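Structural characterization, general
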Amino acid sequence: MTKTRELEQDATGPLKGVRIVDLTSVVFGAYATQMLGDLGADVIKVEFPGGRRGSGGDIMRWAGHPPEGAPEDLGPIYMTINRNKRSVMLDLREPAAMAALTALVKTADVFAASVRYDGLGRLGLGYDDIKAIKPDIIYVHGAGYGSDGPYAGEPAYDDLVQSASGFADLLPRTDGNPVPRLLPSLVADKVSGLFMTQAMLAALFHRERTGEGQFVEVPMLECVTSFNLAEHLFGHAYDPPTGQWGYTRVINPNRKPFPTKDGYIGLLPYTDQQWDQFFAAAGWSDTIGRDPRFADYKTRAQHVWELYALVEEMTVTKTTDEWLAILKPMQIPVTRTNRLDELPDDPHLAAVDFFQRYEHPEAGAYIGMKPPLAFSATPANVRRHPPRLGEHTEAVLRELDLLPEGEGIDRR
């Protein structure tokens, strides 16, 4: 991870030639558009000036602490989810800025926004307004809540959506503490970002086949609740219900990394044969291996809480390396449990060059994550550092023939 990588010059991904006008911010939309930028899209991040220092553009620019001497608008989360973009700063209250955005939209394939829709309408940036400029535009709106429901138009953030979607009820169902708690991850933002990426790709595919653009709404609550209930609707998948809310195996308090003599492992024997092999390796074949509660998939599922508690008693008898050496040759699913600060040393992540070091011209050295998808013909790549606020305003305006050569603008 110590080698500094150079940026690649040209897009090689499958979305090369696609232009996205990106009015999203924070994590939800920014995460989505970075993924498309990695895949080759020309993402132009349109940001608004702030009223005071430290308030302009994407608010995530100002979260966290850049290295000493680095620009304040390059905060760590912003740096992680905003590569492969160009930043244009436009004060859309000004006619010249609206004219520039109009010219930009004429060149775009996708218009993405996560500002509340009524606010976009007041700016003259609703779907009908943008469609009038570019009839085949794909307009993707990241909303907190779907426009057909009573929460429509209300502000939404990860904390609120985790609370409303049932995510905050998962830990209480697992550990018995009735207090609702948020998961320590921006899971609602990131899951919604994945849905937004899916929406843009599907709409682009439809337009490629038909020439037709469309409006696509990506509501966070609906996306995250759908994601949550894929397994946790469980017994309520039927009417009348046949069981509880929550997938039994997953809300088991004993479902966790199992302790070893010197660390932890992730372990999940799944088939009857794998369980028999694991019991034999643990030296428990004559006891647990003969227990009718664990004889087959159905009985193990009925007694999974007891099973996982017993597994914990077994795994603590050997070191992590000993378990890996025993179980991997048997193809029993097992892995070392990594702490966050151990991830850079993981041998698999190191072998695939997951963590990559770059040199930002103003922020200095920083670590990016390799685009995880591997395309044989059209690989994703990294071409641009996360931009400063308004860094590319002049260049983009010149591309649109809106700024004569030799003239400049004040980015402050």
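Everything here concerns the structure above.
Residues numbered from 1 in each chain as written. Predicted model: local features only at pLDDT ≥ 70, side-chain atom pairs only at ≥ 80, totals over all residues. Heavy atoms only, no water.

1. Thoughts on the overall build of the protein
Counting its regular elements, the protein contains 15 helices and eleven strands. Relative to its full complement of 412 residues, the protein shows a buried share of 42%. Considering only contacts within the protein whose residues lie at least 6 apart along the sequence, 68% involve residues at least 24 apart. Here the protein has roughly 21,600 Å² of accessible surface; of this, 54% comes from carbon and sulfur atoms. Of the side-chain charges in the protein, 42 are positive and 56 negative, and the distance between the mean point of each set is 2 Å. (Helix = DSSP H or I, 4+ residues; strand = E, 2+ residues; numbered from the N terminus. Buried < 20%, exposed > 50% of the residue type's maximum accessible area, 1.4 Å probe, protein only. Contact = heavy atoms within 4.5 Å. Areas by Shrake-Rupley, 256 points an atom, 1.4 Å probe, with all protein chains shown as cover. Lys, Arg positive; Asp, Glu negative; His and termini not counted. Charge placed at Lys NZ, Arg CZ, Asp CG, Glu CD.)

2. A look at the pairing of strand β11 (residues 364-369)
Within a regular strand, the side chains alternate between the two sheet faces. For strand β10 (residues 355-360) and β11, the ladder comprises six bridges, and the chain directions are antiparallel. Residue pairing in the sheet places Q356 in a bridge with G368 of β11. Taking the residues between adjacent antiparallel strands as the criterion, β10 and β11 are bridged by three residues. (Pairing = 2+ DSSP bridges.)

3. Details of the layout of surface pockets
Of the pockets and cavities examined, the largest pocket occupies roughly 1,200 Å³. Every residue lining the largest pocket is counted, 44 residues in all, and those nearest its centre are S25, F48, S114, V115 and R116. Listing elements by their share of the lining of the largest pocket, those giving two or more residues are β2 (42-47), α4 (117-122), β5 (138-143) and β6 (214-219). Split by residue class, the lining of the largest pocket holds 21 nonpolar, twelve polar and eleven charged. (1 Å grid on protein atoms, 1.4 Å probe; cavity = no way out; pocket = protein on both sides within 12 Å on 5 of 7 lines; lining within 4 Å. Points joined across faces, edges and corners; volume = space filled by probe spheres on them. Nonpolar A, V, L, I, M, F, W, Y, C, P; charged D, E, K, R; others polar.)

4. A closer look at the nonpolar core
Within the largest apolar cluster, 33 residues are counted, with the highest numbers of intra-cluster contacts made by I20, V140, M200 and V218. Of all the secondary structure elements, the ones that give two or more residues to this core are α1 (28-38), β4 (110-113), β5, α8 (187-210), β6 and α9 (220-232). The biggest single contributor to this core is α8, with eight residues. If sequence neighbours within four positions are ignored, M200 has contacts with A32, T33, L36, V110, A112 and V140. Counting 26 residues, the second-largest nonpolar core is a separate cluster that includes A113, L120, I130 and V396. (Core = buried A, V, L, I, M, F, W, Y, C linked by side-chain atoms within 4.5 Å.)

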